[in-house]
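Structural overview
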Amino acid sequence: MFRRHAAGVAIITANYNGVPFGFTATSVASLSAKPPRFTFNMARSSSSWPAIANTTYIGVHMLGLENQELADRFARTSNRFEGDHWELGPYDVPVLKDVAGWLIGKVQMRLSFENNAVVVVEVVEGQVGDDGMPLLYHSGTYSRPAPLDYEI
């Protein structure tokens, strides 16, 4: 059923013992405005879980249509950080370049449930990128929103 629910595509990054980690996620959601917090879900069997489980600061990067190759790289390959598409940002968190925007947050809670985890993060820094169309994930493929014939 959730294949029918369109979701924005993001990449979560962390620096653990000087090694960058990251993965593509479609479970990022705003939790509160004051203080600004967001959540995401992940499998504890993920190769990135040790970094998320043991670091204090993480990054979330919102992706636009032009970032589909980046989304694929972080979802399907092991060479996620080879190249010049990233740099160390605040709190030594890997920050991806040319994305729709990024946030750095301090992990507030990790709630484990069976083989999964919900992570709650409080925003401490961020930057908005260029305006553009968001990258969506729907029915097993990437897509983009289509405008409707009415205005609000």
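A brief structural summary. (Residues numbered from 1 in each chain as written. Predicted model: local features only at pLDDT ≥ 70, side-chain atom pairs only at ≥ 80, totals over all residues. Heavy atoms only, no water.)

Things to note about the overall build of the protein chain
- Each helix and strand in the protein chain was counted, giving two helices and twelve strands.
- Reading the protein chain from its N end, one meets helices and strands in the order β-β-β-β-β-α-β-α-β-β-β-β-β-β.
- A compact globule built from 152 residues should have a C-alpha radius of gyration of about 15 Å, and the protein chain, at 15 Å, falls within 12% of that.
- Dimensions of the protein chain, computed from C-alpha atoms along their principal axes, come out at roughly 50 × 35 × 30 Å.
- Within the span of the protein chain, comprising 152 residues, buried residues form 34% of the whole. (Helix = DSSP H or I, 4+ residues; strand = E, 2+ residues; numbered from the N terminus. Rg over C-alpha atoms; globule rule 2.2 N^0.38 Å. Buried < 20%, exposed > 50% of the residue type's maximum accessible area, 1.4 Å probe, protein only.)

Digging into the sheet that holds strand β11 (residues 136-138)
- The strand order across the open sheet built from three strands is β1-β11-β12, with neighbouring strands paired in antiparallel fashion. A single partner strand is all that each edge strand has here, and the edge strands are β1 (7-8) and β12 (141-143).
- Bridging between β11 and β12 involves three bridges; their strand directions are antiparallel. Following the sheet pairing, tyrosine 137 is matched in β12 by tyrosine 142. (Pairing = 2+ DSSP bridges.)

What about the pairing of strand β2 (residues 10-16)?
- Burial analysis of β2 places six of its seven residues in the buried class, which makes it a mostly covered element.
- In terms of strand pairing, β2 meets strand β3 (residues 19-25) through seven bridges, oriented antiparallel. Bridge pairing in β3 places isoleucine 12 opposite phenylalanine 23.
- Here β2 folds back onto β3, and the loop between the two strands holds two residues, one of which, asparagine 17, carries a positive phi near 55°.
- Where β2 and strand β6 (residues 57-62) come together, five bridges link them in antiparallel fashion. Across the sheet, the residue bridging to threonine 13 is glycine 59, located in β6.

As for the pattern of salt bridges
- Per the stated rule, a full pass over the model turns up two salt bridges.
- Note that arginine 37 is salt-bridged to glutamate 122, the shortest N-O span being 3.3 Å. Highlighted residues: arginine 37 in strand β5 (residues 36-43) and glutamate 122 in strand β10 (residues 116-128), separated in sequence by 85 residues.
- Classification of glutamate 122 by relative accessible area gives partly exposed; the value is 23%. (Salt bridge = Lys/Arg side-chain N within 4 Å of Asp/Glu carboxyl O.)

What to know about the nonpolar core
- Of all hydrophobic cores here, the largest spans 17 residues; its most connected members are Ile12, Phe23, Phe40, Ile52, Ile58, Val119 and Val121.
- At the level of elements, β2, β3, β5, α1 (49-54), β6 and β10 are the ones that each hand at least two residues to this core.
- Contacts of phenylalanine 40, omitting those with residues within four sequence positions, involve Ile12, Phe23, Ser27, Val28, Ile52, Ile58, Ala117, Val118, Val119 and Val121.
- Core analysis: the second largest hydrophobic core is formed by 16 residues, Ile11, Tyr57, Leu63 and Leu70 among them. (Core = buried A, V, L, I, M, F, W, Y, C linked by side-chain atoms within 4.5 Å. Contact = heavy atoms within 4.5 Å.)

Considering the sheet that holds β6
- With antiparallel pairing, seven strands are arranged side by side in an open sheet as β3-β2-β6-β9-β10-β5-β4. Looking at strand neighbours, the two that pair on one side only are β3 and β4 (29-33), the edges of this open sheet. Pairwise comparison of adjacent strand axes, ignoring direction, gives a mean angle of 30° for this sheet.
- Sheet contacts for helix α2 (residues 68-76): β2 and β3; angle to β3, the most-contacted strand, approximately 110°. (Axes fitted to C-alpha atoms, helices over the stretch in contact; angles between N-to-C directions.)

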